[in-house]
Amino acid sequence: MHIGIIQNQPIFGAVEANLQDLESRIRLVNADFIVLPELCTTGYQFVNREEALELGESIPDGPSAQRLMQLAHEKKAWLIAGLAERDGDTAYNSALICGPEGYLGTYRKAHLFDSENDCFSPGNTPFPVFDLPGARVGVMICFDWRFPESMRTMALKGADLVAHPSNLVLPHCPEAMITRCLENRMFAVTADRVGSEERIPGQPLKFIGQSQIVDPDGTVLARASRDLPETIEFEIDPKQARQKSINTRNDLLSNRRTDLYELD
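Heads up: these notes are all about the structure in this document. Given the structure is predicted, the values throughout are model-derived calculations rather than measurements.

Tallying secondary structure elements over the protein gives five helices and 14 strands in all. For a compact globule of 264 residues, the expected C-alpha radius of gyration is about 18 Å, and the protein comes in at 18 Å, within 12% of that figure. With respect to the principal axes defined by its C-alpha atoms, the protein has extents near 55 × 45 × 35 Å. Within the protein, the proportion of its 264 residues that are buried is 56%. Residue pairs at least 24 apart in sequence account for 68% of intrachain contacts in the protein once pairs closer than 6 positions are excluded. When the accessible surface of the protein is totalled, it reaches about 11400 Å², and 50% of it is carbon and sulfur.

Now the structure itself:
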């Protein structure tokens, strides 16, 4: 599976300009599977729920989702992109999952970070895993990484790879994803953004870039810069993630002591 990651620098609220930039980058990618950042068409720092609803769009019927789906069809690729979703009077921080034949599903972010709680509702989609040719792919968004249960849930569902659209501001995630991959012997593809926003006075955000691919042994296969929009590509073998044994006597999943994990 040939992986592509696009690391962008969106302008807040400039959806059409952001889509044009993403489209030009997607057209240059030669990959089977492409991951875009969280909220990649709108920018990140919404000031309130009304603004999130105003800029949010239906998935898969909204114009941004339709445009990205058309690109996936033209490229004959599978694509995962973070979008602001409007569902009636509810706003979600979501990810579109689509492929050459169209829409596959939506994931809504489970663990909202900081001011997101003022703008979005917590996700109600259990961590999904999609059967793609050659790989089973799970999806989480940004701050979901901080909760080990996120990737473990997808590992237990048989995922080989986790797509991770992100807008990272905390410095720990790139290194912590090494541990997440080791814990579950899975690939992780984190697509981050760069640049900064300060739409809430006194709350400047600096995004850390460093989009990356990590393998089941915790090796960083490719990592982007901290401050430049760019595209990275890498070839992986998803079958590596199906071997959960560490040695002849230890298996990451079958050795779990579920009899001891329950809370009193």
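Let us now look at the packing of helix H4 (residues 148–156) against helix H5 (residues 173–184). Packed helix pairs are characterised by how far apart their axes lie and by the angle those axes make with each other. For the pair H4 and H5, the least separation of the axes is 10 Å and the interaxial angle reads 35°. The hand of the H4/H5 crossing is right-handed. Together, Pro-148, Met-151, Arg-152 and Ala-155 of H4 and Met-177, Arg-180, Cys-181, Glu-183 and Asn-184 of H5 make up the contact between the two elements. For the contact of H4 with H5, the residue count by class is five nonpolar, one polar and three charged.

Turning next to H5. In this model, H5 (twelve residues) spans 16 Å end to end at C-alpha, consistent with the 16 Å of a helix rising 1.5 Å per residue. Every buried residue of H5 is listed here: Cys-173, Pro-174, Ala-176, Met-177, Ile-178, Arg-180, Cys-181 and Asn-184. Looking at the packing, one finds that the buried side of H5 touches H4, strand S8 (161–165), strand S9 (187–191), strand S12 (212–214) and strand S13 (220–223). Immediately beyond the C-terminal end of H5, within one or two residues, lies Arg-185, with a positive phi of roughly 45°.

As a further point, take the nonpolar core. Counting residues in hydrophobic clusters, the biggest one holds 46 residues, and the most contacted among them are Ile-3, Phe-33 and Leu-161. The leading source of residues in this core is H5, at five residues. Ile-3 has contacts with Ala-31, Phe-33, Leu-161, Val-189, Ile-213, Ile-232, Glu-233, Phe-234 and Ile-236, leaving out every residue within four places of it along the chain. Of all hydrophobic cores here, the second largest spans 36 residues; its members include Ile-6, Val-15, Ala-91 and Cys-119.

In this section: helix H3 (residues 63–75). With 13 residues, H3 extends 18 Å from end C-alpha to end C-alpha; this agrees with the ideal 18 Å at 1.5 Å per step. Three or more residues of H3 are buried, namely Ser-64, Ala-65, Leu-68, Met-69, Leu-71 and Ala-72. In an axial view of H3, the angular spread of the buried residues amounts to 155°, which keeps them on one side of the axis. Tucked inside the fold, the buried residues of H3 contact helix H1 (15–26), strand S3 (78–87), strand S4 (90–99) and strand S5 (102–108). In the stretch just after H3, Lys-76 is the one whose phi turns positive, near 55°.

In this section: the pairing of strand S7 (residues 135–139). Across the five residues that make up S7, a large majority, four, are buried. The sheet contact formed by strand S6 (residues 129–132) and S7 spans four bridges and is antiparallel. Bridging from a neighbouring strand, Phe-130 pairs with Val-137 of S7. Taken together, S6 and the strand that follows it, S7, pair antiparallel across an intervening segment of two residues, in which Gly-134 is found at a positive phi of about 90°. Pairing of S7 with S8, which is carried by three bridges, proceeds in the parallel orientation. Residue pairing across strands places Val-139 opposite Ala-163, the latter belonging to S8. For the segment spanning S7, H4 and S8, crossover handedness is right-handed.

Cut-offs applied
Residues numbered from 1 in each chain as written. Predicted model: local features only at pLDDT ≥ 70, side-chain atom pairs only at ≥ 80, totals over all residues. Heavy atoms only, no water. Helix = DSSP H or I, 4+ residues; strand = E, 2+ residues; numbered from the N terminus. Rg over C-alpha atoms; globule rule 2.2 N^0.38 Å. Buried < 20%, exposed > 50% of the residue type's maximum accessible area, 1.4 Å probe, protein only. Contact = heavy atoms within 4.5 Å. Areas by Shrake-Rupley, 256 points an atom, 1.4 Å probe, with all protein chains shown as cover. Axes fitted to C-alpha atoms, helices over the stretch in contact; angles between N-to-C directions. Left-handed = near helix turned anticlockwise from the far one by under 90°. Nonpolar A, V, L, I, M, F, W, Y, C, P; charged D, E, K, R; others polar. Expected span 1.5 Å × (residues − 1). Core = buried A, V, L, I, M, F, W, Y, C linked by side-chain atoms within 4.5 Å. Arc of directions from axis to C-beta. Pairing = 2+ DSSP bridges. Right-handed = clockwise from strand over helix to strand, strands pointing away.

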